[in-house]
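Listed below, chain by chain, are the residues.
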Amino acid sequence: MSSIKCECGHLNPEGTDICQNCGRPLSTEEKSKKLADMRYDGAAIRSKTHQRTVVDKIWNFFSSVKIGVSIIIAILVAAAVGTILPQVFYIPGGGANEAQTAQYYEDNYGIFGQIYNALGLSDLYGSWWFMTLVGMLGISLVVVSLDRGIPLYKSLKNQRVDRHPSFLKRQRLYGEGQVDDPDAVMKKAAEKLKEQRYNIREKNGALLAEKGRWARWGPYVNHLGLIIFLFGVMLRALPGFYVDESMWIREGEILAVKGAPGLYLENKGFTFDVYTQENTDEVFSEAIDRVGTVASNYQTDVALYETPEGALPGSTNAELVKEYSIVVNKPLKHEGFHIFQMDFKLDELSAMTFALENKETGESLGELTVNLDDPQKDYDLGNGAKVELLDYYPDFDGFENGEPQTKTPVPNNPAFLFKMTTPETPEGETSFVAIRQTLEPLGENTHKLAFQKAETRDVSGLTIRKDKTIPVIVLGGTIFMIGLVQGSYFNHRRFWIRKSENGQVMVAGHTSKNWVALQRELDAVTEYAGLPAYTDQRDKEAQTDKPEGDSKS
Amino acid sequence: MNLVDLSGNLLFTAFIAYLAGTILFGGAVKGSKNEASASNKRWGKLGITVTIIGFLAHLGYFITRWMASGHAPVSNMFEFTTAFGMLLVGAAILFYFLYKTPLVGLFALPIALVILGYAAMFPRDIQPLIPALQSHWLTIHVITAALGEAILAISAVVGLIYLLKNIDLTKKSKERKWLEFIMYTLVVVLGFIVITVGFRAAGYEAAFDYVDKNDMQAEVVYHMPPLFGMNEYNAKTEGTMDPLAEMPPIINAKTLTTFTWSVIAGTILYFLIRLITRRRIAELVKPLAVKANSQLMDEIGYRSVLIGFPVFTLGALIFAMIWAHEAWSRFWGWDPKEVWALITWLFYAAYLHLRLSRGWEGRKSAWLAVIGFAIIMFNLVAVNLVIAGLHSYA
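Note that this is a predicted model, so its numbers are computed, not measured. (Residues numbered from 1 in each chain as written. Chains lettered and ligands numbered in written order. Predicted model: local features only at pLDDT ≥ 70, side-chain atom pairs only at ≥ 80, totals over all residues. Heavy atoms only, no water.)

(A) Representation of the overall build of chain B in the model. Regarding its fold elements, chain B presents eleven helices and five strands. A compact globule built from 394 residues would reach a C-alpha radius of gyration of about 21 Å, and chain B, at 22 Å, matches this within 12%. In terms of overall dimensions, chain B has a C-alpha envelope of 65 × 50 × 50 Å along the principal axes. Out of the 394 residues belonging to chain B, those deemed buried represent 60%. Across chain B, 31 positive and 24 negative side-chain charges occur, with their mean positions spaced 19 Å apart. (Helix = DSSP H or I, 4+ residues; strand = E, 2+ residues; numbered from the N terminus. Rg over C-alpha atoms; globule rule 2.2 N^0.38 Å. Buried < 20%, exposed > 50% of the residue type's maximum accessible area, 1.4 Å probe, protein only. Lys, Arg positive; Asp, Glu negative; His and termini not counted. Charge placed at Lys NZ, Arg CZ, Asp CG, Glu CD.)

(B) A look at the packing of aromatic side chains. One pass over the structure, following the stated rule, counts 50 aromatic pairs over all chains. Ring centres of Phe399 of chain A and Phe432 of chain A lie 5.4 Å apart, and the angle between their planes is 55°; this geometry places the pair in the tilted category. Of the two residues, Phe399 of chain A is situated in strand β16 (residues 396-400) and Phe432 of chain A in strand β19 (residues 429-434); the sequence distance between them amounts to 33 residues. Ring geometry for Tyr118 of chain B and Phe122 of chain B: centres 5.2 Å apart, planes at 70°, overall edge-to-face. For the residue pair Tyr118 of chain B and Phe122 of chain B, the accessibility class agrees, reading buried in each case. These aromatic residues form a ring-pair network of at least three members: Tyr125, Trp129 and Phe130 of chain A together with Trp332 and Trp334 of chain B. The side chain of Lys188 of chain A reaches across the aromatic face of Tyr528 of chain A, ending 4.8 Å from its centre. (Phe/Tyr/Trp six-rings, centres within 6.5 Å; stacked < 30°, edge-to-face > 60°. Lys NZ or Arg CZ within 6 Å of the ring centre and 35° of its normal.)

(C) Structural detail: the sheet that holds strand β1 (residues 206-211) of chain B. Residues and elements named next belong to chain B. On the basis of which strands lie adjacent, the open sheet formed by three strands has the order β2-β1-β4 and antiparallel pairing. Of all strands in the sheet, those bounded by a partner on one side alone are β2 (217-222) and β4 (234-235). Pairing of β1 with β4 involves two bridges; the strand directions are antiparallel. Residue pairing across strands places Asp209 opposite Asn234, the latter belonging to β4. (Pairing = 2+ DSSP bridges.)

(D) Region of the structure containing the UniProt feature "domain: Cytochrome c assembly protein" (unreviewed entry) in chain B. The positions UniProt marks with the feature "domain: Cytochrome c assembly protein" (unreviewed entry) are residues 84-198 and 262-391 of chain B. The straight-line gap between the two end C-alpha atoms of residues 84-198 of chain B is 25 Å; of that span, 78% is helix and 0% is strand. (UniProt positions renumbered as here; feature names shortened; annotations may be inferred.)

(E) How the structure looks around the UniProt feature "transmembrane region" (unreviewed entry) in chain A. All names here are of chain A. The feature "transmembrane region" (unreviewed entry), as given by UniProt, occupies residues 67-89, 128-146, 220-242 and 470-490 in the numbering adopted here. Regarding residues 128-146, the helix share stands at 100% and the strand share at 0%, and the terminal C-alpha atoms are separated by 27 Å. End C-alpha to end C-alpha, residues 220-242 measures 29 Å, and it is 70% helix and 4% strand.

(F) Spatial organisation of the sheet that holds strand β20 (residues 437-439) of chain A. Residue and element names in this part refer to chain A. Strand order in the open sheet formed by five strands is β14-β15-β18-β19-β20, and the pairing between neighbours is antiparallel. Edge positions in the open sheet fall to β14 (378-382) and β20, since each of these has one partner strand only. Across the sheet, the axes of successive neighbouring strands diverge by a mean angle of 25°, strand direction being ignored. Relative to strand β18 (residues 415-421), strand β15 (residues 385-393) runs antiparallel, the two being bridged by seven bridges. What sits directly across from Leu389, in β18, is Phe418. (Axes fitted to C-alpha atoms, helices over the stretch in contact; angles between N-to-C directions.)

(G) Looking closely at the pattern of salt bridges. Residues and elements named next belong to chain A. By the definition in use, this model includes 37 salt bridges over all chains. Where Asp147 meets Arg148, a salt bridge forms, and the shortest distance between an N and an O atom there is 3.1 Å. Here Asp147 falls in the buried class, since its relative accessible area comes to 1%. Asp373 is the partner of Arg457 in a salt bridge, and the nearest nitrogen-oxygen pair spans 2.6 Å. Linking Arg457 in strand β21 (residues 447-467) with Asp373 in the loop between β13 (364-371) and β14, this pair joins segments that are 84 residues apart in sequence. Residue classification places Arg457 among the buried residues on the basis of a relative accessible area of 8%. (Salt bridge = Lys/Arg side-chain N within 4 Å of Asp/Glu carboxyl O.)

(H) Representation of the domain arrangement of chain A within the structure. Splitting chain A by domain gives domain 1 (45-157), domain 2 (165-212 + 491-534), domain 3 (242-346 + 461-475) and domain 4 (350-455). Of note, the centres of domain 3 of chain A and domain 4 of chain A, computed from C-alpha atoms alone, are 36 Å apart. (Domains from an automatic or database assignment.)

(I) Structural context of the environment of Thr271 of chain A. Residues and elements named next belong to chain A. Along the chain, Thr271 falls in strand β8 (residues 263-274). Separated by 215 residues in sequence, Thr271 and Gln486 place their C-alpha atoms 48 Å apart. Those residues in contact with Thr271 that lie beyond four places of it in its chain are Asn297, Tyr298 and Gln299. (Contact = heavy atoms within 4.5 Å.)

(J) Summary view of the side chain of Asn297 of chain A. Assignment of secondary structure puts Asn297 of chain A in strand β9 (residues 295-306). Residue classification places Asn297 of chain A among the buried residues on the basis of a relative accessible area of 16%. A distance of 3.0 Å separates a polar atom in the side chain of Asn297 of chain A from a polar atom in the side chain of Gln299 of chain A. Sequence-distant contacts of Asn297 of chain A, defined by excluding residues within four places in its chain, comprise Thr271, Phe272, Asp273 and Val327 of chain A together with Pro131 of chain B. (Polar contact = N/O pair within 3.5 Å; in protein donor to acceptor, adjacent residues only side chain to side chain.)

(K) Structural context of the packing of helix α6 (residues 128-157) of chain A against helix α9 (residues 218-235) of chain A. Residues and elements named next belong to chain A. The N-to-C vectors of α6 and α9 enclose an angle of 150°; their axes lie 10 Å apart at closest approach. On the basis of their axis angle, the class for α6 and α9 is roughly antiparallel. Judged by the twist between their axes, the crossing of α6 over α9 is left-handed. Contacts between α6 and α9 pair Val134, Gly138, Leu141, Val142, Val144, Ser145, Arg148, Gly149 and Leu152 from the former with Tyr220, His223, Leu226, Ile227 and Leu230 from the latter. Each residue belonging to the contact of α6 with α9 can be placed in one class, and the counts come to nine nonpolar, four polar and one charged. (Parallel < 35°, antiparallel > 145°, perpendicular 65-115°, else oblique. Left-handed = near helix turned anticlockwise from the far one by under 90°. Nonpolar A, V, L, I, M, F, W, Y, C, P; charged D, E, K, R; others polar.)

(L) Structural detail: the pairing of β15 of chain A. In terms of strand pairing, β14 of chain A meets β15 of chain A through four bridges, oriented antiparallel. The partner of Asp380 of chain A across the bridge, within β15 of chain A, is Lys386 of chain A.

Below, the structure is given as structure tokens:
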């Protein structure tokens, strides 16, 4: 690789803007500028110097801030488009059924909804192209950090104290002038700067004061954090890293926890509470009047059981781990599993009681209770009366070809086909019993099953999660935050002071940001040490802005 | 006087103090030739004193309401917007002490006043917390996010000053048009306040039955003449106007009606101002901005993004993810509010990269800061009231 030789004799790598030794401008572009481009302290960055091979081209593509910002904007716009209509995972059914999903968008949002769904915008965040954009951002973060970070690190590590006057003159804060005793002024300036916690290096009548260099690594630290974060998100796709299940559990039921082998959960009771005028503080009364019902609590009391390690599969000797009340915002936590209160159904039927009656006399021959979870085949009512349950339809949905149909196995609308046998009717009578409906398919009966009462219970909807990527995500987030604070709340400040040949003193200052604070420090040093006055070479309005007595009063 | 009344009175005190503060800061700017003048300092000191008194009263409102309800008052639209106004003033005070310029206060206070006025249009009663909000993360996440947004908003305030000073209003240009559009938007918000207060004072009410998007019968009460009717509406109040058009179930016709009335009122107000003064609003405000030091405004704008961005990241993304993980079983779920927080974050990230690497300073930077504030406001207003996901309030 070729190199550029500076007037001072230092050999700089190709692409260097400012001589890494003395600070003279090297490139023609840099020479044409009034102020030095201090972004990477003028160091050569890889993307500016390697432009030949395919690898170079790919590298240069991803190292370009222009491309980086374009990717950010593309993600931003895409993300916004995804909020125009609800995404599939927020619609009923969650988008599991494609035809149903399409129907939903068409029914609710018309032609626009149809197009939105057809273009895949209804599942935008899971689309290949959105993920590609995020992936490109990740690559860009890696490349740009290496491309800029390494040269900047080298450049700042090998700073020379006595930079060339042309370097000082091209700094934004610059001043020069005659002083009586340059050595004394330099000495006092060093004193004051030390007081301001600058690290001072002196050489050949020149002085370099520097502090907060570590703030310059902030962007690279936060980029590293983001890369780790994105890596953590990617890990989720691997099997075993992420469990996401949901289950319905009825009061009194014990079920295996989905996605968590060996764990069992018992629902000991669900509670749903609302705020009322009686149970809440009086400050809320106006709001409760205006809004009506406001929920105050959703709670599932559970007992968690676990089969001991090494137990045979299917063995029932599970041990109680703990009892816990799961409420919103307070999931049950066990061995990395989190169980959340997510949903509920109130008053699901659990048992129905009927009385066997003589239709004419109304005489009761006894009662039977059908446990809907565990319906029996025969119910003996004594005295020669019995009822046989021929068939059970938990979620009766009408007839198809004369056959009763059930929509789901959930007892939302139970229906029964009974055979009633009494001493009067030893051959038995068939009756179809549903809620508010009785059919006698095989002719007129003398007996009927009269509904007496129902028992209900609540059902809790729980979500089970296990996310092994959380530590990686937390690590990434923490590093990102540290880097962000490091780069945002701390500044890298430098002053260069040197005597020139004709007995003058030159002073220049640079900071990564917060120029007002830098000026304040330089003002203090100038006053204490008698340095020549400086100007902000960028601030065109500053000349007219010096303190003046515009109003005498 | 009970806590709730005290709280209300303190908020009113703050409102008056901010008005006075605006006038005093105006005096500071008017009497000075430029940023560093003596008059600036004297009036500026008065202005900042009154502003701090207002801020303390505002803080008093916040604390007493917190004591009365038992939870941080950031749980509905009124409370959140009022808290955001308070933090915006807090951020303006911080920047006054960092840079000693009355201009930030002069422009930030009226914006805070408009925000407070906007907040007051929502139901102000103290509401009990629904289960999802019963968490200490409500306090931590919402206050941090709002603080971050308030600090970021300062960049838009100084950006506006920068643009008012540097855009040549005597020549026709895109920039002049957009600057005037910003002014117009502010007037529309005023229009919203005027029209809401007006119809409220008149006691206007029109009740309707309608069929919502889940095919359920529902009831809605308009407090403005119903320009648009809800899906399959059926008037229940006699003698009110008939809606001009019926909306499909996915559109909230009541919100649309309020919006339309606000635009009508705002537009009338805008043209009245133009007619009476014979000037663009930007021209009316410009004299207050011409004494600004552009370099300083640019510096303050950049600094406020630097200070606000990490706070916003912490509050609106990191704390949000921790809470979402506790409450909704996942740290990220692409809920519209989450997405718009991410969009805000990406936008300011772009701002920082453009500034650092592509030299977008001064005017470009100022425009970006104003757009950033528009995104924050969009997330507060439109996402809550129109898009409405898991975060919708009130």
